[in-house]
Amino acid sequence: MKKLSASLGLPRLGLLLLLWLSALAARSQNACPTPPPASCPEPFRVVDAGTGQEVRTLTVGCPVRFVQSACRPATRSDLLYYQVVKGSNAVPPSCLPTTQAGVTTYTPTAADVGPVTVFELSNPDPSSGTGGAGVAYIRNYQVVSPTPPGFTVAACANNTALITLLNSGYDQYTVRVNGGAAQPLTTQPVTIVPGGTNTFLVTGSVAGSSCTQSTSLTLTLPVAQPPVLARLTRTGSAASGGPAQFSLAQIPAGFTYTLQAQTAGQPYQNVPGTPANIGSPVAGFEVGQVPPGRYRLLRTDACGNTAASAELPTLGLSGTADNGRNTLTFDLYGGATAVSYSLARNDGVALPLAGSATTYVDANVQCGTVYTYRLTATLPGGQTVSNPLTLTAQSSTPPPTPLLVASFDLRNRVVLTATPGASATTFGAGGQLTISKQAGGAAPVAYAPLRTGRTGAASLSLRDSTALGTLLAAPPCYTATLRDTCGNVSAASPSSCPALLTVEAADPEGQTARLRWSAFQGPGGPAVGATYQVLTLAADGTVLAISAPLTGLTYLDSAPPLDRQILRYRVVASGAGLPTGALSYSNVGTLTRRPRLVMPTAFTPNGDGLNDVLELKGRYLQNFTFIVVDRNGQEVFRSTDRAQTWDGSINGHAPVNAAYVWRFDLLGEDNQPLRQTGTITILK
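Cut-offs and rules
- Residues numbered from 1 in each chain as written.
- Predicted model: local features only at pLDDT ≥ 70, side-chain atom pairs only at ≥ 80, totals over all residues.
- Heavy atoms only, no water.
- Helix = DSSP H or I, 4+ residues; strand = E, 2+ residues; numbered from the N terminus.
- Buried < 20%, exposed > 50% of the residue type's maximum accessible area, 1.4 Å probe, protein only.
- Contact = heavy atoms within 4.5 Å.
- Pairing = 2+ DSSP bridges.
- Axes fitted to C-alpha atoms, helices over the stretch in contact; angles between N-to-C directions.
- Salt bridge = Lys/Arg side-chain N within 4 Å of Asp/Glu carboxyl O.
- 1 Å grid on protein atoms, 1.4 Å probe; cavity = no way out; pocket = protein on both sides within 12 Å on 5 of 7 lines; lining within 4 Å.
- Points joined across faces, edges and corners; volume = space filled by probe spheres on them.
- Phe/Tyr/Trp six-rings, centres within 6.5 Å; stacked < 30°, edge-to-face > 60°.
- Disulfide = S-S within 2.5 Å.
- Core = buried A, V, L, I, M, F, W, Y, C linked by side-chain atoms within 4.5 Å.
- pLDDT = per-residue confidence, 0-100.
- Polar contact = N/O pair within 3.5 Å; in protein donor to acceptor, adjacent residues only side chain to side chain.

S.K.: Which parts of the structure should I look at to understand the environment of V534?
M.R.: For V534, the position within the fold is in strand β39 (residues 530-537). Take V534: its relative accessible area is 2%, and that puts it in the buried class. The spacing of V534 and D557 is 23 residues in sequence and 9.4 Å in space, taken between C-alpha atoms. Each residue touching V534, except ones within four places of it in the same chain, is listed here: L515, W517, A545, I546, S547, L550, Y555, Y569, R570 and V571.

Structure representation (structure tokens):
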């Protein structure tokens with residue numbers, strides 16, 4: 001009240017003090033606060049300090065003013081007190097405000113948050129002379145401190161987005177998109193730039209208040225596009241249902257995706273077990289139970305718009321195995337038609353099938369072999385893959401007659417190579433190939449069984465390591481039979497007889513060689529002849545020369561290599577019903593020739609150009625040592641090469657007429673030693 005007195009001036013201090021004491025005594029006799037009269041139920045109002053509009057809720061940091069309502073007599077400001085008290089229907093102690101008279105503004109703080117009471121005390125005008133007590137009114141308000149608006153933005157179809165508030169506290173909200181005009185924030189979507197960067201500014205405000213708070217978010221939102229169910233793969237073996245994998249494409253995050261199925265004539269329904277996090281980067285998922293039906297992926301955006309992928313029907317595959325055939329039956333659910341099919345078999349066989357096909361007969365099977373099939377249907381909307389189907393081929397038909405080729409390797413062992421018959425490309429797993437040998441006209445005997453032991457073998461080989469001498473004494477022929485796992489036995493293959501080669505000297509000195517060989521018999525039988533060529537070999541098997549093609553069984557080599565003690569030959573046969581590209585070789589035949597050294601008894605190193613040097617002459621002179629010694633036993637010349645000659649000089653001195661002793665040691669190609677000795681005389 002001291003502040004009130006000061007506002008009125010010192011000359012009137014005594015009078016006002018008296019009036020104040022009188023008013024205080026009168027006020028103490030009245031109830032505090034005073035109920036407002038019916039004619040003025042709201043004696044004062046709280047208005048925004050900036051706009052002057054009445055507010056019903058007070059906001060921290062937003063200044064307000066207290067104004068008297070027009071329905072009551074106006075009170076001078078110096079007689080009017082306002083105080084904000086925490087709580088509802090609360091008043092200052094003894095109803096005496098502690099604020100200054102005439103202060104009609106107030107800014108709520110964080111300490112005021114909650115219910116508050118605005119207390120008004122209006123004193124009577126002492127100049128009116130009427131006296132009376134002061135009147136107190138109260139009004140209850142709520143002080144709030146709302147946080148900045150929190151919100152999320154979700155993409156919707158049609159180039160729109162939905163803004164969802166995460167908190168409340170303001171009477172109204174507006175949004176500006178990309179700097180555009182402010183618009184009320186409702187549950188309706190706003191227009192955005194599809195696939196680009198968008199900035200959203202959400203502003204919250206209290207009704208009638210000039211105070212606002214804003215939050216801005218800049219986002220690149222995904223573009224809503226129809227989902228793609230690219231592939232449906234049934235992983236269970238049953239054609240009637242089971243687990244399946246779903247491969248997806250064009251699945252941007254930010255939307256809700258649901259796998260739906262239409263089965264047994266029912267409308268589309270959500271599939272249980274579908275993951276909740278479908279969307280990029282999740283490109284696929286598996287569902288534990290997928291019965292036959294049509295499947296699609298439904299996309300739902302935040303605005304409730306939906307779009308569905310093209311549907312993919314399940315593909316069922318079943319089949320039977322009988323008499324060398326695996327019969328496959330397949331169908332797309334609901335009678336759908338494929339653009340095309342692709343059939344895959346576990347051994348690598350792959351076949352395209354027409355989209356209208358419903359069955360396939362696989363006749364290229366081996367009895368007892370297990371085959372697993374997988375069928376893929378291509379449709380306009382994607383691909384659907386059948387369940388795997390496993391069949392074990394069955395048959396009562398004997399397997400095709402195998403083809404057998406007998407040939408020699410370079411170590412003179414017979415190599416027997418069997419290939420499947422004309423109607424098969426591989427031997428089936430688990431069968432048994434038996435090769436029989438007939439030698440020297442004897443009855444065939446089981447030579448050695450050979451189990452395939454592996455799937456898909458295109459050929460099987462076995463060696464007959466019988467000594468060459470035995471084979472030459474009793475030329476062999478071989479046949480093969482194949483027993484499949486169903487117990488069916490093929491017919492015996494035509495006898496295959498390798499060519500057996502012998503070589504002998506055609507003249508006393510072995511300067512020519514004559515070759516003879518037995519006729520080769522191939523898969524074509526005796527009626528289909530062979531064509532031969534003679535191969536001249538080096539010691540390591542390298543081919544040195546090839547003859548012209550021959551049809552006979554003999555060959556004369558009139559000019560064999562002059563520098564080789566041992567002549568080596570091999571005959572190669574073609575034709576005779578051999579498979580394309582196949583050849584049969586004979587054993588390696590050899591002719592060993594005796595090395596020969598020709599030495600003069602004297603030479604004349606006199607420079608006349610005739611018989612001036614001692615040189616070695618003869619045949620097959622390799623791997624040797626030649627030594628000349630004088631009468632004292634001192635070595636005067638040594639040579640290991642026919643190109644080396646001796647001019648009779650000794651340690652650089654001129655030749656001396658005398659007789660000298662020589663020794664020649666050679667180890668032949670046949671590992672047999674040869675030694676010759678003699679004397680040589682130098683005559684000048």
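S.K.: Whenever I open this one, the sheet that holds strand β37 (residues 501-505) confuses me. Can you help?
M.R.: Reading across from one edge, β37-β38-β41 is the order of the three strands in this open sheet, with antiparallel pairing throughout. A single partner strand is all that each edge strand has here, and the edge strands are β37 and β41 (554-557). Going across the sheet, the axis of each strand differs from the next one's by a mean of 20°, ignoring polarity. Relative to strand β38 (residues 513-517), β37 is paired through five bridges, and the arrangement is antiparallel. For A505, the partnering residue across the bridge sits in β38 and is A513.

S.K.: Explanation requested: the pattern of salt bridges in the structure shown.
M.R.: Think of it this way: side chains of opposite charge can pair up when their charged atoms draw near. For the coordinates displayed, the defined rule picks out 19 salt bridges. In this structure, D409 and R413 form a salt bridge, with 2.9 Å as the shortest nitrogen-oxygen distance. Neither D409 nor R413 differs from the other in exposure class; each is buried. Ionic pairing is found between R463 and D409, a salt bridge with its closest N-O pair at 3.8 Å.

S.K.: Whenever I open this one, the sheet that holds strand β23 (residues 315-322) confuses me. Can you help?
M.R.: Backbone hydrogen bonds are what pair the strands of a sheet, in a parallel or an antiparallel way. The strand order across the open sheet built from three strands is β23-β24-β27, with neighbouring strands paired in antiparallel fashion. The outermost strands of the open sheet, each flanked by one partner alone, are β23 and β27 (359-362). Along the sheet, successive strands turn relative to each other by an average axial angle of 20°, direction set aside. Sheet topology note: the β23/strand β24 (residues 325-332) ladder contains eight bridges and is antiparallel. Across the sheet, residue G319 finds its bridge partner in β24, namely L328.

S.K.: I tried to follow empty space enclosed by the protein on my own but got confused; where do I start?
M.R.: Here the idea is plain: a probe the size of a water molecule rolls over the atoms and shows the empty space left. Across all of its chains, the model carries four cavities of 30 Å³ or more by this definition. Estimated volume of the largest cavity: approximately 60 Å³. Taken together, Q366, C367, P399, F427, G428, A429, G431, L482, R483, D484 and T485 form the lining of the largest cavity.

S.K.: Explain the packing of aromatic side chains to me, please; I cannot follow it from the model alone.
M.R.: Any pair of aromatic rings gets described here by the distance separating the centres and the angle formed by the planes. One pass over the full model with this rule turns up 14 aromatic pairs. Centroid distance Y170 to Y173: 5.7 Å. Interplanar angle 85°. Geometry classified as edge-to-face. For the pair Y170 and Y173, one class covers both residues: buried. The interplanar angle of 70° and the centroid separation of 6.3 Å between the aromatic rings of F626 and F637 together place this pair among those described as edge-to-face. In this pair, F626 is assigned in strand β48 (residues 624-629) and F637 in strand β49 (residues 635-639), connecting sequence segments 11 residues apart. Put simply, the rings of F603, F626, F637, W646, Y660 and W662 touch in pairs and so form one group of aromatic residues.

S.K.: Explain the state of the cysteines to me, please; I cannot follow it from the model alone.
M.R.: Every disulfide links exactly two cysteines, by a covalent bond between their sulfur atoms. Tallied over the entire structure, the rule returns six disulfides. For C32, the disulfide goes to C95, at an S-S distance of 1.6 Å. One quick way to see it: the torsion about the S-S bond of C32 and C95 is about -115°, and its sign makes the bridge left-handed. Highlighted residues: C32 in the loop between α2 (13-27) and β1 (44-48) and C95 in the loop between β4 (80-86) and β5 (105-106), separated in sequence by 63 residues.

S.K.: Quick question: what am I supposed to make of the nonpolar core here?
M.R.: Within the largest apolar cluster, 53 residues are counted, with the highest numbers of intra-cluster contacts made by I163, F200, F246, Y295 and Y341. For this core, the leading source of residues is strand β28 (residues 370-379), giving five residues. With near-sequence residues (within four places) excluded, Y341 lies in contact with L315, F330, L332, L351, P352, L353, A354, G355, A357, L375, T376 and A377.

S.K.: What's the story with the pairing of β49 in this structure? I'm lost.
M.R.: Sheet topology places β48 next to β49; four bridges connect them, and they run antiparallel. Paired with F626 across the bridge in β49 is S639. What sits between the antiparallel neighbours β48 and β49 is a turn of five residues, in which G633 has the positive phi angle 85°.

S.K.: I would appreciate a short explanation of the confidence of the model for the protein in the present structure.
M.R.: Detailed reading of predicted coordinates is not advised where the pLDDT is low. Counting all residues, the mean pLDDT for the protein is 88, and 92% of those residues have values of 70 or more. Put simply, helix α1 (residues 2-8) is where the protein has its lowest mean pLDDT, 30, and strand β43 (residues 584-585) is where it has its highest, 98. Across residues 1-30, where pLDDT falls below 50, the model places 26 contacts with residues more than four positions away in sequence or in other chains. Confidence drops under pLDDT 50 across residues 446-455; counting only partners more than four residues distant or on other chains, this segment forms 32 contacts.

S.K.: I keep staring at the side chain of Q83 and nothing clicks. Help me out?
M.R.: For Q83, the location among the structural elements is in strand β4. Exposure remark for Q83: the relative accessible area of 14% places this residue in the buried category. Within the structure, Q83 has its side chain in polar contact with the backbone nitrogen of T98 (distance 2.7 Å). With near-sequence residues (within four places) excluded, Q83 lies in contact with P92, L96, P97, T98, T99, T117, V118 and F119.

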